[in-house]
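A look at the structure
Take a look at the letters that make up each chain.
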Amino acid sequence: MDKSAMPKAFATHHDWYSATVDSIEVTDASNTETPNYKPKLLYSYNNAIHGFSAVLSFEELQKLQKYPGFVSAYLDKTVKLDTTHTFEFLSLNTESGLWPASNYGKDVIVGMIDSGVWPESKSFNDDGMTDVPTRWKGICQVGDNFNSSMCNRKLIGARYFTKGAKATNHNAIGDLDSPRDTFGHGTHTSSTVAGNYVEGVSFFGYAKGTARGIAPRARVAMYKVAGTVGASSDILAGMDQAIADGVDVISISMGINFVPLYEDPIAIAAFAAMEKGVFVSSSAGNDGPYPMSLHNGTPWLLTVGAGTIDRQFSAILTLGNGMSTTGWSAFPANALLVDVPLVYNETFMACDSSELLLEASDKIVICDDKFGNLESQIHQVTLSKVAGAIFISNNSRYLEVGGLPCPGLVINPINTRLLIYYAKSNTNPTVTMKFQHDLLGVQPAPAVAFYSSRGPSPTYPAILKPDLMAPGSKVLAAWVPTSPAAELGSNLVLSSDYIAISGTSMACPHAAGVAALLKGVHPDWSPAAIRSAMMTTASQVDNSYSFIRDNGANLTYATPLAMGAGQIDPNKALDPGLIYDTNAKDYINHLCFMNFTREQILTITRTSSFNCSTATSSSDLNYPSFMAFLNNTSSTTHEFSRTVTNVGDGASTYKVTLTVPPGTSISVTPDTLAFSEKNEKLSFSVSMDIQQMNATISYGSMVWEDDGAKHTVRSPIVVYRVV
């Protein structure tokens, strides 16, 4: 339908579509195959398309085609299901781009530093996998309820490290002395990175289809360093062993808050990994949306924030008059709620007492969170004896992370006018609820997840963090059957082989999977080169073609301190044009400039073959982003220097375009880079003046674009002044 043709008499497109269908009259009922047949609106759409779906006869369709605003109509089709969907959301496909170019990550080895693995999961079957690479040095360590035969050509290694946890009494009840995962976290993250193809999976009927990891032909090696809790010594031991075993990529979805680099086991081990050419992907943390809340703000690893995806678990609500709408739901059962009495009572709408709700037993109630808290209302309804509930709320944060143990769905207040009118104007209103549906193409997506930790890094603010964002909310992946997956009612815990959960822990393995794919295509690229390719090609636009928004800031536009360079774009990262490369010496020089002591640098780098007094100390790293962190200084200028390497096909010329942070002036010298051959390096400098900047923080960007705009190399700019 042409939405611009909607008559002004209608408040919403849904009202218009509903009235349109209701106005179509059957002049000859004998032409229909069903005696009591009448036109019926099924769904109204405002995101993927502008229009609706309805049950219509051919004659009624012909009438509809003459209505104002009609554009086209299509017969409903049978759709072949295919998930976990995040690969599709990231545009990975079998026809072109990073998947076929990398042979799906074939033979790249990903080391998982996590809570262990459930080897029986179908995501770790080795169907279609070739022999284990001969360069692999790892083992399959025997332990409690775990033997060496549990590894295969997919899960090629598994070890455990629990001595530190035992020594500090960090080991929890149920944690095993073995690589086996009893928590679920490690099984979920490792299957997200490189899980094999598994047909027919779902999360209690939601997200049905075929699961697979981001790099489905890569290998998995698990290094269990934690159960429900862990010790830093175990983390260090696990990462150390992973490097020795010969992994290509490390994924670590954990971190330690407010710890200096020289006391951070992840930072220390990641430096060693970087020197060996091992890429390290880490999670930013789940302490958002507060500023300076992230961990793993280390310059030599990738720090990943979390974003939402365009899939919503849903239920269909059909009123007794035949009108339908869709709302969010994650109720883990196919409940039979057909023509159940609906109660509209403003006394009940707070839904703050299960005792009060006894008056509505076996009925469906309407709860409105303007009278209470959504999470509390769900809890009270779960404790009550009502048949179900319709929750009116625009609490997008709960929908990112929450569950729904009671039959119900959540509807945004802007979509409830017809519901309320129906409930108030009918003597005996009824509703029907059908669960286990999915909506795809939900807008806006991605958005920065509200829980994703924000920069700057409290321990190393000179470098902009996070680096980028990746899918992290309601990610479907493998789970352990011994750990709770959902709740049904107030006292029934459900298990599942697959689960949809949220966190930067889920975003980190997406980035690690992309790194594995890039490693497969470009085995000679350094970890810094791979990170640069990911960052400079990241997207700042959502699926509504608007700038990415922040779910932790009332859906205002996201800043680089929330999303870094933007949403990871695997196919564009395959061919970035230019890269910002960095080596161990560069990092050490920067540590010298940051006034780290000789002992602190030695702790991180494990070498004394440096001298800060003679080192080429620089206030800047050759990083793909620009961070001017001005702390207690009267200086109004800041200088950056960068060197880029041409990794395109050959000779090319790049010109710079600036989006200048408000209140600053910036010059780039030179503003044109002319490369004569592949792998040539050229340098440029950036001069910034902030004398006119009144705000504490200001944002901008720099873009190098080649002739024909084949390559667009973008870097975010942040000016952060501590007053």
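Residues numbered from 1 in each chain as written. Predicted model: local features only at pLDDT ≥ 70, side-chain atom pairs only at ≥ 80, totals over all residues. Heavy atoms only, no water.

With an unreviewed UniProt entry as reference, the chain is termed Subtilisin-like protease fibronectin type-III domain-containing protein, source organism Aquilegia coerulea. Regarding the chain, the relevant UniProt record gives this comment under Subcellular location (unreviewed entry): "Secreted". In the Sequence similarities (unreviewed entry) part of its UniProt record, the chain is described as follows: "Belongs to the peptidase S8 family." (UniProt positions renumbered as here; feature names shortened; annotations may be inferred.)

Assigned secondary structure in the chain consists of 17 helices and 34 strands. Expected size for 723 residues packed as a compact globule is a radius of gyration near 27 Å; at 28 Å, the chain falls within 12% of this value. Structurally, the chain occupies a C-alpha span of about 90 × 60 × 50 Å along its principal axes. Within the chain, the fraction of its 723 residues that count as buried is 56%. Within the chain, residue pairs in contact and separated by at least 24 positions form 73% of the contacts whose partners lie at least 6 positions apart. (Helix = DSSP H or I, 4+ residues; strand = E, 2+ residues; numbered from the N terminus. Rg over C-alpha atoms; globule rule 2.2 N^0.38 Å. Buried < 20%, exposed > 50% of the residue type's maximum accessible area, 1.4 Å probe, protein only. Contact = heavy atoms within 4.5 Å.)

Now for helix α8 (residues 265-275). Structurally, the α-helix is built with 3.6 residues per turn, so residues lying three or four positions apart point the same way. Among the 11 residues in α8, 10 count as buried, and that is most of the element. For α8, the full list of buried residues reads P265, I266, A267, I268, A269, A270, F271, A272, A273 and M274. For α8, the elements touching its buried residues are α7 (232-245), β8 (249-252), β9 (279-283), α13 (527-536), α16 (584-593) and α17 (598-605). Capping the start of α8 is the job of one residue whose side-chain oxygen sits 3.0 Å from the backbone nitrogen of I266: D264. After α8 finishes, the residue G277 shows a positive phi value of roughly 85°. (Polar contact = N/O pair within 3.5 Å; in protein donor to acceptor, adjacent residues only side chain to side chain.)

Confidence in the prediction of the chain, expressed as mean pLDDT, is 91, and 93% of residues score 70 or more. For residues 42-50, every residue scores under 50 in pLDDT, and the model assigns this stretch 28 contacts once sequence neighbours within four places are set aside. When the criterion is pLDDT under 50, residues 74-83 qualifies, and its contacts beyond four places in sequence or with other chains add up to 16 contacts. (pLDDT = per-residue confidence, 0-100.)

Nonpolar side chains tend toward joint burial in soluble globular proteins. The biggest cluster of nonpolar side chains holds 99 residues, and the ones touching the most others in it are I113, M239, I250, W300 and M534. The leading source of residues in this core is α8, at 9 residues. Three or more residues apiece are contributed to this core by two domains, here domain 2 (85-310 + 446-574) and domain 4 (621-721). What I113 contacts, discounting residues up to four positions off in sequence, is Y223, V225, I235, G238, M239, A242, I250, S251, I252, S253 and M254. (Core = buried A, V, L, I, M, F, W, Y, C linked by side-chain atoms within 4.5 Å. Domains from an automatic or database assignment.)

Here we take up the sheet that holds strand β30 (residues 665-669). Strand order across the open sheet formed by 4 strands is β26-β28-β32-β30, with antiparallel pairing between neighbours. Here the strands that pair on one side only, and so sit at the sheet edges, are β26 (578-579) and β30. Of the pairings in the sheet, the one linking strand β28 (residues 637-646) to strand β32 (residues 681-689) comprises 9 bridges and is antiparallel in character. By the bridge assignment for β32, T643 is matched with S683. (Pairing = 2+ DSSP bridges.)

Moving on, we come to the state of the cysteines. Per the counting criterion, the structure on display carries 3 disulfides. Disulfide pairing places C140 opposite C151 at an S-S distance of 2.0 Å. As the torsion about the S-S bond is roughly 80°, the C140-C151 disulfide counts as right-handed. Taken as a pair, C140 in the loop between β3 (109-114) and β4 (155-160) and C151 in the loop between β3 and β4 lie far apart in primary sequence, 11 residues in all. Disulfide pairing is shown between C592 and C612; the S-S distance is 1.9 Å. On the sign convention where negative is left-handed, the bridge of C592 and C612, at about -75° about the S-S bond, is left-handed. Taken together, the positions of C592 in helix α16 and C612 in the loop between α17 and β27 (626-631) put the pair 20 residues apart, joining distant regions of the chain. Here C612 falls in the partly exposed class, since its relative accessible area comes to 26%. In the chain, numbering the disulfide-bonded cysteines from first to last in sequence yields the connectivity 1-2, 3-4, 5-6. (Disulfide = S-S within 2.5 Å.)

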